Amino acid sequence: MEVTNISGLDSIELVHRVWRQLIFCLKNLSNEQVTIKPSFIKALIETLGNENGESNNSAIECCLLIGNHGKELDYKYEQLVDLLRIVLIKHKENEQLLTMVLNKYWTTVRVQGNINKVFLDLSKQLFSPLLDIRSIYSSLSSLIDDILKHIIFHRTWITAYRDYIQSLSSKKTIPCPVSPLFTTLETHITAGNSNVISFLPLIFRHCINLIDSEKVSDIFELLVQMNTWLEQIQNDDLYLNGICQLLQILDEKHLIDQLLNNSLEERITNWMKDILFKRTYEYKTENYANLCVICLYLHPTLIETNLFQLFQLFIDSEKCLSIFLIGYIDLYSRMRSLAKLTKRLTIAFEKSIILPENVLKHYRKCISECTHTLIDEIWLSLLDQLENSTIHLIIIQLISALLDGYRLFDLNISRAILIEQNQLKYNRTLEKLRQQVNETMLTSSNSSHRICILQCYLSLGWFSLCLLSFSSSIPPVDDIYNHNGPLLSHAQWMSLQSDIDIQSILFSLACQRLYRALATNENDIDRKLIENLLELSSFSSTTVFEQLEPFFDFLSKTKQYKLIKLFIKQIIENPNIDRTWFISNEDRLQLVVQASVEYAIETNSHDDFQPKKRRKIDFEENTDSFYDYLQTKSCTIDGKIMPLFSSINFDSIQTSGILISIGWLALNISPISLESMQILLDIIYSSKTLPLLFISHLLDFTLNTNNEKMIDQVLTIISNNSNYQSILKIKANKILDEMKTNEDYQNICLLEKYLLLFNHSRSLISSNDLCLIIDRLINSSSHSSISYSLLDTRYILAMIILNSLTSFDKYLKFLQHTWKSLVRDINETNHLKQVVIAYAKQWEYILKLNSTIDDIDALVKCLNDQYELISKVIQSMEQNQFQQWIENIIQNIKIPLEDQEEDINNCRQAFQLLQTLSHCSLNKENNLYFLTIINSVITQCGSLLIHLPIEFSRYIEVVSFVLSFANDILLMKKSQLRSQVALSLLQCCLHLPMNVLFSQHANICKLVSLLIKHHTITLCKHVSTVETIIKLLLQSIVIQVKENKQKQEDLIEAARDITKLSAHLIEQCKDDFRSTIVYVLIDYVHLLSKGVFISPALKKTLNGVAFELFRISGERVEQYSGQMSIAERELLKQLHQQFKQYHMFKGII
């Protein structure tokens, strides 16, 4: 069939029918039968340009079918541009067609001789549609970026860009080849095209890089021109985003100082002022606040001149105000002029304003980074501005933040000078603070004034305590309330006690008083201080315990218990509290356990007519009677209480009462949690002898949990402890007595439930009673009992016989028949795994003489992680049988692998079986044969992956299990594998698609590392292959960043894996890679230079790869930098400098 000219057809219906006929032919003809003629392209373009939807769809389908046949459509360049324009504008919803045409266009323009023609076509027709598509399909963004950068930033246009910028400065129209691009930019930007606006900074940055240093004024002309376009946008956010990005580039390049130092200063100032105030914005947006911060860094004088006007705009928006003030504080901090900041703020602000908390936090951080001399200057400046007759809340807040951020212990000056200098400022601050107190402050409904004063007084107290720690003597506190110096009268303090807004500050002050009293005389604490603390601590706060810690151990036991009892609810209900303090010693733990038990008893329901009585818990009484007492309390315990005890080392506890109390709490938890089960296990693991009644309850509790792992652990402990064995014997015999009178179906249920119990108690009970039950069930004619258990009755009986009887000769025939049924029932859900384990343990006595390959195959598939049991079974096989079994397995590894679920599953199972066998112990003959098979299979792995089509439905899954198999085999067999065979796996990794490379980065890095470790000599002969893999892995990360489909943590993890691989190369193969690894570095720098935004955290990790490669290449990298572009060369130079400055001697002593 020849696909020929159909463009002469006039009838739309006829055209549609012809296209449909072509589709039918293409679907039913082979590749050799299809020939594409040039006139087909013209017909395709005419049809896609037609508005008839049915013809369009048919033409697209036909085009894609031709592509699937592997045919290349031979476009003329002009036809290709027309087709791409039509597809971008009219058929943007068809990603497959877009991808096909874009790839063809990219291939064509790279070899197109007339770059002028390409640039003009892109600028006039394709620029905006390409950017629009880029924002729709992230998978195409990398390809579109390559196209745009190749054409727009081609070296051919360097002079043209300079001419265009020169024309802006001279105000003359100069014919310029790049003018169409800027005309297109202006058109789309003024129309509000967000995609074009986002691309504008790249062009601006490119132009800046081309401007000579002596013509820096041209940069401003270009900026004004681009702002003129942006100003015509109606959407404020679009405008602000655009101009902010341009100004940030100006700031990054440090060009503003050069611009302001010449004749342009007045013009730039007016221009910035227009940007900020001439346009009518919605001023309370974060974008506008960010613009103000950028302008502040660029032109501080302009912003400070208009500071009051800006603050008035932000005063109602805390978020915008925070953004601006944090930027403002940063500026003054960098200039080491924080002392001048307050005056600026008080001039622009009302003095009663409350600063946002995150602003104060940032101010504290800046203070903590200041020197003692600078803080002294700032503090004095704040005090000088604090007028006696005016309320200055801003200054009070900043003084408080300064006191909190002052790093007294970091000072390298004498104590005497430190105390003298700061005591004077402290007294002056206290005096100024007292002058700010008035009647309005105490009675106003607005608590802001009170909060500021008291918070500053609290900060003074903490500062005072730090200061006093340098002194040899600390004066006693005479006034219980004014412990930091006189501030309020006692009556005024008492009037504030009921103010909810300042409750947390009052409590902190109460804790501070205790600190002060303890620092003065720890043996003589005023009782009123404790009472005041308890009065104020009725609210819930997670900071209470942090403040209690330093003085808790100085209190009497009674007071300690009172505090713990008071706060036990907060301790239990606040999971974010660091609870380690409460369990750090046994005395404190005893108080917490006592309070927890009493709290649990008191919070449960009681008889309404009976008053609640305090229940005293006594840990000193007899453990049996103590547990009997606890058992009289019927309680359902809230599970929130258990995390408090989850990190205790129970074996170190000397008081049995503590263990019993915590165990009682765990037994009564509702609902039952894994945490409570683990605590119970830890308790009985301890060396203490616990009451038998407690052990009995714990056993009943455990058997009812349906948690096999815990049941097995508890039964193991009890059966191995002679003190507790009687409990186990009584329980097992009780169940056997019950079974003697039960119906068959009831006994089946009991046997299934208590399988582990009978297993652990087989040496404690008489096997005769159990055999009677088993015989009765085997001989029972009733088949209905099967439906009363999760497992078939035969399987339950088999497990009981194999695990619970010391001799099972009489049941041998029954066990062998049951195994045959079991083999038929085994499936991948491992539902019958415990039954198979029971048979594997007794394989030598039950099935060794008459087992088949199918028996072995079923057992190994089911027990794929039980290597010891599998080894035991395999060692019982004849060598011929073993070899036949292996041959059967590898028959399922087919090349090529069909896209059929059964074939894929069989292949995966074959690899899994071989992996399992690699972990098992084989005899010498079988091991030699197995190694031969493994070498053969690994050789096939490369071929399997290379011949696997990318469109394969489970492509990634197949790659994953093949690579996992290879890694597992290399890990287990190490150098036993033939090197060339192991190395063949690397070749297939080179053919994997980028998304698959990224998803399998861990497997690939592990594979290369294992080869480095175990096959070093062979690997070092294939340096280029390893380097190519590292390049591809790095490239896959950058592509994933572009497509924005992966989580940041996954990208960082991938980069770390490559860093570890590079470090491994240094360790074992440095000399072999020294001469060529530089090309990997050059490729990495090329990736970074493509303008992809990479987060700082990821870039830091990726640069770690480069630093490891620098260790290999040494100084050789400088020899190759001439092959790179200027931007890439500069980037490489920066990386190399960072390496030499911070990383070259890492790990070297």
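Cut-offs applied
- Residues numbered from 1 in each chain as written.
- Predicted model: local features only at pLDDT ≥ 70, side-chain atom pairs only at ≥ 80, totals over all residues.
- Heavy atoms only, no water.
- Helix = DSSP H or I, 4+ residues; strand = E, 2+ residues; numbered from the N terminus.
- Buried < 20%, exposed > 50% of the residue type's maximum accessible area, 1.4 Å probe, protein only.
- Contact = heavy atoms within 4.5 Å.
- Areas by Shrake-Rupley, 256 points an atom, 1.4 Å probe, with all protein chains shown as cover.
- 1 Å grid on protein atoms, 1.4 Å probe; cavity = no way out; pocket = protein on both sides within 12 Å on 5 of 7 lines; lining within 4 Å.
- Points joined across faces, edges and corners; volume = space filled by probe spheres on them.
- Nonpolar A, V, L, I, M, F, W, Y, C, P; charged D, E, K, R; others polar.
- Disulfide = S-S within 2.5 Å.
- Axes fitted to C-alpha atoms, helices over the stretch in contact; angles between N-to-C directions.
- Parallel < 35°, antiparallel > 145°, perpendicular 65-115°, else oblique.
- Left-handed = near helix turned anticlockwise from the far one by under 90°.
- Phe/Tyr/Trp six-rings, centres within 6.5 Å; stacked < 30°, edge-to-face > 60°.
- Lys NZ or Arg CZ within 6 Å of the ring centre and 35° of its normal.
- Salt bridge = Lys/Arg side-chain N within 4 Å of Asp/Glu carboxyl O.
- Expected span 1.5 Å × (residues − 1).
- Core = buried A, V, L, I, M, F, W, Y, C linked by side-chain atoms within 4.5 Å.
- pLDDT = per-residue confidence, 0-100.

A. Representation of the overall build of the protein chain. Check the secondary structure of the protein chain and you find 60 helices and 4 strands. Considering the protein chain as a whole, with its 1149 residues, one finds that 52% of them fall into the buried category. For the protein chain, contacts bridging at least 24 residues in sequence account for 75% of all contacts bridging at least 6. By element, 48% of the accessible surface of the protein chain is carried by carbon and sulfur atoms, the whole surface being about 53,700 Å².

B. Focus on the layout of surface pockets. Roughly 850 Å³ of volume is contained in the second largest pocket. Taken together, 29 residues line the second largest pocket, and the ones lying closest to its centre are E708, L755, L756, M799 and Q834. Of all the elements in the fold, those that place two or more residues in the lining of the second largest pocket are helix 36 (708-720), helix 38 (744-753), helix 39 (755-760), helix 41 (793-804) and helix 43 (833-841). Among the elements that take part in the lining of the second largest pocket, helix 43 stands out by supplying 6 residues, more than any other. Residues of the lining of the second largest pocket, tallied by class, amount to 14 nonpolar, 8 polar and 7 charged.

C. The state of the cysteines, seen in detail. Applying the stated criterion across every chain yields a total of 0 disulfides. Of the cysteine sulfurs around C452, a residue in no disulfide, the closest is that of C456, at 8.8 Å. Overall, C452 belongs to the buried group, its relative accessible area being 7%.

D. Just the packing of helix 4 (residues 77-90) against helix 6 (residues 115-136), in detail. For the pair helix 4 and helix 6, interaxial distance at closest approach is 9 Å and the crossing angle is 20°. In terms of axis orientation, helix 4 runs roughly parallel to helix 6. Relative to helix 6, helix 4 is oriented so that their crossing is left-handed. Contact residues: Y77, E78, V81, D82, L84, R85, L88 and I89 in helix 4; K117, V118, D121, Q125, L126, P129, L130 and I133 in helix 6. The residue makeup of the contact of helix 4 with helix 6, split by class, is 10 nonpolar, 1 polar and 5 charged.

E. Up close: the side chain of N422. Topologically, N422 is positioned in helix 23 (residues 415-435). Once residues within four sequence positions are removed from consideration, N422 is found in contact with H372, W379, Y406, L408, F463 and L467.

F. Geometry of the side chain of S761. The topology assignment puts S761 in the loop between helix 39 and helix 40 (767-778). Filtering out sequence-adjacent residues up to four positions away, S761 remains in contact with L728 and A732.

G. Layout of the packing of helix 6 against helix 7 (residues 141-152). Close contact between helix 6 and helix 7 brings their axes to 11 Å; oriented N to C, the two are set at 155°. Viewed along their axes, helix 6 and helix 7 adopt a mutual orientation that is roughly antiparallel. Here the hand of the crossing between helix 6 and helix 7 comes out left-handed. Taking contact as the criterion, the partners of V118, F119, L122, F127, L130, L131, I133 and R134 in helix 6 are, on helix 7, S141, I144, D145, I147, L148, I151 and I152.

H. Quick peek at the packing of aromatic side chains. All chains considered together, the criterion is met by 21 aromatic pairs. Look at Y627 and F694: their rings are 5.4 Å apart centre to centre, the planes differ by 80°, and that puts the pair in the edge-to-face class. Residue Y627 is found in helix 32 (residues 623-631), and its partner F694 is found in helix 35 (residues 692-703); the two are separated by 67 residues along the sequence. Of the two residues, Y627 and F694, both sit in the buried class. Taken together, the ring pairs connect Y288, F311, F314, F324, Y328 and Y332 into an aromatic cluster. Geometry around Y297 places R334 over its ring, the cationic atom sitting 4.7 Å from the centre.

I. Expanded view of the pattern of salt bridges. Counted by the stated rule, this structure contains 22 salt bridges. The closest approach of N and O atoms between K319 and E286, which form a salt bridge, is 3.4 Å. With K319 in helix 18 (residues 318-334) and E286 in helix 15 (residues 286-298), the pair connects residues that are 33 residues apart, well separated along the chain. E286 sits in the partly exposed class, given a relative accessible area of 37%.

J. Main features of helix 14 (residues 265-278). For helix 14, with 14 residues, the first-to-last C-alpha span of 19 Å sits near the 20 Å given by 1.5 Å per residue. Taken together, the buried positions of helix 14 are occupied by I268, T269, W271, M272, I275, L276 and F277.

K. Quick peek at the nonpolar core. Ranked by size, the top nonpolar core spans 216 residues in total, and within it F645 and W885 carry the most contacts. Contact partners of W885, with chain neighbours within four places excluded, come to I853, I856, D857, V860, I874, M877 and L917. Core analysis: the next-biggest nonpolar cluster, separate from the first, contains 178 residues, L84, I144, M272 and L418 among them.

L. Just the environment of N1103, in detail. Assignment of secondary structure puts N1103 in helix 58 (residues 1096-1113). Distance from N1103 to V1085, taken between C-alpha atoms, is 9.8 Å for residues 18 residues apart in sequence. Once residues within four sequence positions are removed from consideration, N1103 is found in contact with Y1084, L1088 and L1135.

M. How the structure looks around the confidence of the model for the protein chain. With 85% of its residues at a pLDDT of 70 or more, the protein chain shows a mean pLDDT of 79. In this model, residues 1-9 is a region of pLDDT below 50 whose contacts with residues beyond four sequence positions or in other chains number 28 contacts. Predicted confidence for residues 607-615 stays below pLDDT 50, and this span has 7 contacts to residues more than four positions away or in other chains.

N. Representation of the environment of F952 in the model. Tracing the backbone shows F952 in the loop between helix 49 (924-946) and helix 50 (955-973). Separated by 53 residues in the primary sequence, F952 and D899 place their C-alpha atoms 6.3 Å from one another. With residues up to four places along the chain from it excluded, the contact list for F952 reads L897, E898, D899, I904 and V958.

O. Just the environment of L64, in detail. Tracing the sequence through the fold places L64 in helix 3 (residues 53-68). Separated by 33 residues in the primary sequence, L64 and L97 place their C-alpha atoms 6.9 Å from one another. Those residues in contact with L64, other than ones at most four positions away along the chain, are N94, Q96, L97 and M100.

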